[in-house]
Amino acid sequence: MTSKLNALREIEELPDLGITLSDGCRLSARVWRPDNASDDPVPVILEYLPYRKRDGTTARDELTHPYIAKRGYACVRVDMRGNGDSEGLMEDEYTQQELDDAVEVINWLAAQDWCIGKVGMMGISWGGFNSLQVAALQPDPLKAIITLCSTVDRYADDIHYKGGCLLNENLGWGATMWCFSSRAPDPALVGDKWRDMWLNRLENEPFLTSKWLRHQARDTYWEHGSVCEDYSSIKTATLAISGWGDSYINAVPALVENISAPVKGINGPWIHKYPHFAIPGPRIGFLQEALRWWDRWLKDIPTGVEDDPDYRAYLMDGIAPERIYDHRPGRWIAEDKGATAHLPVETHHLTDTGLGPDGPLTATVSTPQHCGMEAGEYGAFFGGPELPGDQRFDDALSCCFEGPVLDQDLDIVGAPRIRLTLSANTPQAQIAVRLNHILPDGSSSRITYGVLNLTHRDSHSDPQPLPVGESVEAVLDLDHIAYRVPKGHRLRVAISTSYWPLIWPSPEQTTLQLQKGEIDLPLRPSGQNDEWIFPPAESDPPWKTTTLHEGSNIRRTEIDQASGHISLIIEDDFGKVQDDIHGLISGGIARETWVIHPDDPLSARGNCHWTDEMQRSEIKLRTETRCQMWADRDHFYLAAQLFAYENDIVVYERDVEDQIPRHQI
């Protein structure tokens, strides 16, 4: 490189750079790079996703990639095989084909005359997952990654299963991907073959919920792509980031504490978004932090990132619960060595008189099936009223253990662990544990939570029925958190046998007898000042669009007074916009309804309906997917429909029906 280090450079944008793989499949890449990169080459930052660079991730791409490119990098946003404007078909998430393609793309990029031969990989969610997975394959040009909102364990910590319980997000996300990945490419980029590509996708796009539901235990299917199987395989410098409003928070401390390559972790207050534009605030200068990372590992500039604390976390002040926050008060804390495993724990016992010193416990837990309606989304993503609400409603349906009024602030930093001795009256049962903050006015904020399928109490790979009426021990780690409970407030542990609609219910109503219980709280000495200061958020100018239809978010609960069924109804309308540069119109709506009767776990039913639209000149396309799920004692049942419209005429339709045996779930 001959340019002054990180001096701002003029850039060019390539909307459709073709990368042809060894099997002939052409992937489409959008590229931002210095306009003289062929004469003065730069490192490459790859983001590799199925989420459509032309009309899917455009809003965040515009804020992010040009900013980095102007500072001496080529940012390459690739549509994966079978998605967006790329050829081929996608069979599943994180397949070996996907990862092999990524390695081939990295090697191709490193060989271009506008690249110095060094590549970084960055992404959030899917892109965060495959950044870790590709790093574990150790392609030589890949020197560093930034993984956001990702996981190290695809079974235990993704959208499919949690604690061996079936997450309802498994159905919701299957519906999402069926609609999203079966959409057409942009005719303006791929030309006359757009329609054949679209019909081929419609015919072959799998309804992935069926596949995921066939792997109800942690088998080799989930081991693939789970980097926790061999942390030592990651040799690249790794920066891991997530937010307390997201579901993917546990990977950050896990990576910090388990990989030997240079690694740093950041957990902020955010939902499932990049932290330079996420809510709730405070946002941080993520792009400046990313540049420090890239400059050190791709340009060999001594930025000092090696000397940063291993783990930085936003310690949130405990406040009244809200479904959505613009800002969370708190402060940044920093751990120089490791994440939270070294912090001391304080043990509180569950007793007949509450939460405190050891004492007798003879509690019964048998909750109505609709307990969990205040859980919020599994991972807040769309920016609507998705965060956990006031827990008093769910607390009233649960078995609760309340502690005394605190005589000083309590800073909980890490993953609380609860240990229980219990017996059940059924061979299958599940348990949900919430650690709540009780304010003086009685409102209840969820600090963190965990769930466990009790047939998985000893193993996620070999679940075993509960011995009815016999005592068993169960250990459950709640999700990581950094949260201050103020002096004068209380703690509450709430335990339930249902957590709908976050997890699918056990096949029959269960009664648990609690005989012993204790919870270990990882605590950190309280301070009043920030221990780390991030720069303020910066970005490039936002995506230039004309709004044709404003978006909106709906979340409401309904009770059928005749039948007694309770429904949670969700609608996220993403609006409709037209790109001011190339003119493509895009929009979509996601709808979910979750129905259950308080007295009947077999009444549970999930319904999802996705609509995605795109329009280019006289071509108006729409994809609709609908799916339903229900169960009896022995089987899960799925029914799904896919419809594709060209200028409001149906050009393709497909029905899917499936019956899948239940295995200890």
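Since we're looking at a predicted model, the values are computed, not measured.

So, how was this worked out
- Residues numbered from 1 in each chain as written.
- Predicted model: local features only at pLDDT ≥ 70, side-chain atom pairs only at ≥ 80, totals over all residues.
- Heavy atoms only, no water.
- Axes fitted to C-alpha atoms, helices over the stretch in contact; angles between N-to-C directions.
- Helix = DSSP H or I, 4+ residues; strand = E, 2+ residues; numbered from the N terminus.
- Parallel < 35°, antiparallel > 145°, perpendicular 65-115°, else oblique.
- Contact = heavy atoms within 4.5 Å.
- Nonpolar A, V, L, I, M, F, W, Y, C, P; charged D, E, K, R; others polar.
- Buried < 20%, exposed > 50% of the residue type's maximum accessible area, 1.4 Å probe, protein only.
- Pairing = 2+ DSSP bridges.
- Domains from an automatic or database assignment.
- Buried area = accessible area lost by both parts, 1.4 Å probe.
- Salt bridge = Lys/Arg side-chain N within 4 Å of Asp/Glu carboxyl O.
- Polar contact = N/O pair within 3.5 Å; in protein donor to acceptor, adjacent residues only side chain to side chain.
- Phe/Tyr/Trp six-rings, centres within 6.5 Å; stacked < 30°, edge-to-face > 60°.
- Lys NZ or Arg CZ within 6 Å of the ring centre and 35° of its normal.
- UniProt positions renumbered as here; feature names shortened; annotations may be inferred.

1. Regarding the packing of helix H2 (residues 96-110) against helix H3 (residues 126-137)
Interhelical geometry of H2 versus H3 gives an angle of 75° and a closest axis separation of 10 Å. As far as their axial angle goes, H3 and H2 are roughly perpendicular. Facing H2, whose interface residues are Gln96, Glu98, Leu99, Ala102, Val103 and Ile106, H3 presents Trp126, Asn130, Gln133, Val134 and Leu137. Split into classes, the residues belonging to the contact of H2 with H3 amount to 7 nonpolar, 3 polar and 1 charged.

2. Focus: the pairing of strand E31 (residues 635-646)
Where burial is concerned, most of E31 is hidden: 9 out of the 12 residues are buried. Connecting strand E30 (residues 619-631) to the antiparallel partner E31 that follows it, the hairpin turn spans 3 residues. By the bridge criterion, 12 bridges tie E31 to strand E32 (residues 649-661) in an arrangement that is antiparallel. Paired with Ala640 across the two strands is Val656, which belongs to E32. Where E31 folds back on E32, the antiparallel hairpin that results is connected by 2 residues, among which Asn647 adopts a positive phi of roughly 50°.

3. Structural notes on the domain arrangement of the protein
Looking at the assigned domains, one finds that the protein contains domain 1 (11-164 + 218-309) and domain 2 (345-522). The distance between the C-alpha centroids of domain 1 and domain 2 comes to 35 Å. In this complex, domain 1 contributes 19 residues to the contact, which on the side of domain 2 involves 17 residues. Here domain 1 and domain 2 share an interface that buries about 1,700 Å² over both sides, 61% of which is from carbon and sulfur atoms. Among the residues domain 1 hides against domain 2, the three largest losses belong to Lys162, Gly163 and Trp244. Together they make up 33% of the total. Remark: the boundary between domain 1 and domain 2 carries 1 salt bridge. One salt bridge in this structure joins Asp479 and Lys162, with 2.9 Å as the shortest N-O distance. In this assembly, domain 1 and domain 2 are joined by 10 residue pairs in polar contact (both at pLDDT 80 or more). Residue classes in the side of domain 1 that touches domain 2 are distributed as 7 nonpolar, 6 polar and 6 charged.

4. A look at the sheet that holds strand E20 (residues 444-453)
The strand order across the open sheet formed by 4 strands is E16-E23-E19-E20, and the pairing between neighbours is antiparallel. Because the sheet does not close on itself, it has two edges, and the strands there are strand E16 (399-402) and E20. Taken over all neighbouring pairs, the strand axes of this sheet differ in orientation by 15° on average, direction set aside. Judged from the 9 bridges that link them, strand E19 (residues 430-438) and E20 form a sheet pairing that is antiparallel. Residue pairing for E20: Gln430 is matched across the bridge by Asn453.

5. Thoughts on the packing of aromatic side chains
In the structure shown here, the tally under the stated rule is 27 aromatic pairs. Ring centres of Tyr51 and Phe180 lie 6.1 Å apart, and the angle between their planes is 75°; this geometry places the pair in the edge-to-face category. Taken together, the residues Tyr51 in the loop between strand E3 (42-49) and helix H1 (58-69) and Phe180 in helix H4 (residues 169-181) connect sequence positions 129 residues apart. Residue classification places Tyr51 among the buried residues on the basis of a relative accessible area of 13%. Judged by centre distance (5.1 Å) and plane angle (20°), the rings of Tyr155 and Tyr161 are stacked. What makes Tyr155 buried here is its relative accessible area of 0%. Taken together through their ring pairs, the aromatic side chains of Tyr51, Tyr94, Trp126, Phe129, Trp173, Phe180 and Tyr248 make up a single cluster. A cation over a ring is seen here: Arg183 above Phe180, with NZ or CZ 5.3 Å from the ring centre.

6. Description of the UniProt feature "domain: Xaa-Pro dipeptidyl-peptidase C-terminal" (unreviewed entry) in the protein
As recorded in UniProt, the feature "domain: Xaa-Pro dipeptidyl-peptidase C-terminal" (unreviewed entry) lies at residues 291-544. Annotated as residues 291-544, this span is 6% helix and 36% strand, and its ends, taken at the C-alpha atoms, are 25 Å apart.

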